[in-house]
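The primary structure of each chain is shown beneath.
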Amino acid sequence: MADYLAKNACQLLDADHIAVKHLFVEYARLAASPDAPNSQAKRTALAARICDELTVHAQIEEEIFYPALRRALPDAAGLVDEATAEHQEAKQLIADIRALGAANAAMDTLVAELNVAIEHHVKEERDELFPKAKAAPALDLNVLGEQLRERQQALQAEAVPAA
Ligand SMILES: [Fe+2]
Ligand SMILES: [Fe+2]
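Residues numbered from 1 in each chain as written. Chains lettered and ligands numbered in written order. Predicted model: local features only at pLDDT ≥ 70, side-chain atom pairs only at ≥ 80, totals over all residues. Heavy atoms only, no water.

J.: Can you lay out the side chain of Asp108 for me, pointing to particular residues and giving the numbers?
T.: Relative to the helices and strands, Asp108 resides in helix H4 (residues 105-135). The exposure class assigned to Asp108 is buried, which follows from its relative accessible area of 16%. In contact with Asp108, not counting residues within four places along its chain, are Tyr27, Ala31 and Arg43. (Helix = DSSP H or I, 4+ residues; strand = E, 2+ residues; numbered from the N terminus. Buried < 20%, exposed > 50% of the residue type's maximum accessible area, 1.4 Å probe, protein only. Contact = heavy atoms within 4.5 Å.)

Given below as structure tokens:
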């Protein structure tokens, strides 16, 4: 997701949330007509993209955003613990989706489950974690946004298959 406008940490993470939501909507649209031309190939590619993007997103949150929240907001530790546990659940679903390889009815079910899990998780980040982060004087969300962006770009570059 190339982006030349500087975003603060919450804006950057929420832009990811919105982008992946669009991918889920597109997947569901394709899954509704599995016999349409190329539906299976498109779903296979979309599922891989959803898994890749969520994996990088969760990683930058866990490496940079969540630790910064823990340092600046000891009271938010419970919320961060809960969010981290939700990442683990999502990672299990992602592993299950990747293990299937090609899209089929089982993958459609898993992607729909992942969509619901991520929707719930994103709502908590948006409604509970981000407002706390924005209100924390010890957190510089612009600096944090820059760190997240750099790490995200490095991970995305690594993920490009070496041909
Ligand atoms: Fe997130
Ligand atoms: Fe998250």
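Here the narrative resumes, following the displayed structure.
J.: I'd love a proper account of the coordination of the iron ion (ligand 2), names of residues and values included.
T.: Taken together, Glu61 (OE), Tyr66 (OH), His87 (NE2), His121 (NE2) and Glu125 (OE) make up the full set of protein donors to the iron ion (ligand 2), lying 2.0 to 2.6 Å away. Summarised as a motif, the one-chain spacing of the donors to the iron ion (ligand 2) is E-x4-Y-x20-H-x33-H-x3-E. The two metals, the iron ion (ligand 2) and the iron ion (ligand 1), are separated by 3.2 Å and share Glu61 as a common coordinating residue. Note that His87 is positioned in helix H3 (residues 77-100) and Glu125 in helix H4, a separation of 38 residues in sequence. (Donors = N, O, S within 2.8 Å, 3.2 Å for Na, K, Ca; no water.)

J.: Could you give an account of the pattern of salt bridges, naming the residues involved and the relevant values?
T.: Side chains bearing opposite charge may pair, as long as their charged atoms lie close to each other. Under the criterion given, the structure shown has 11 salt bridges. Note that Arg126 and Asp14 form a salt bridge whose closest N and O atoms lie 2.8 Å from each other. Separated by 112 residues along the polypeptide, Arg126 in helix H4 and Asp14 in helix H1 (residues 9-31) bring together distant segments of the chain. Looking at Arg126, the relative accessible area reads 37%, which means it is partly exposed. (Salt bridge = Lys/Arg side-chain N within 4 Å of Asp/Glu carboxyl O.)

J.: How would you explain the packing of aromatic side chains if you had to name every residue and give the values?
T.: Taken as a whole, this structure holds two aromatic pairs when the rule is applied. Their ring planes at 45° and their centres at 6.3 Å tell us that Phe65 and Tyr66 sit as a pair that is tilted. Owing to a relative accessible area of 0%, Phe65 belongs among the buried residues under this scheme. Given the relative accessible area of 2%, Tyr66 is considered buried. With a centroid separation of 5.8 Å and 85° between ring planes, the pair formed by Phe65 and Phe130 is classed as edge-to-face. Of this pair, Phe65 sits in helix H2 (residues 39-72) while Phe130 sits in helix H4; the two residues are 65 residues apart in sequence, bridging distant segments of the chain. As far as burial versus exposure is concerned, Phe65 and Phe130 are alike and both buried. By the ring-pair criterion, three or more aromatic residues cluster together here, those being Phe65, Tyr66 and Phe130. (Phe/Tyr/Trp six-rings, centres within 6.5 Å; stacked < 30°, edge-to-face > 60°.)

Purely spatial values, then, with no claim about function.
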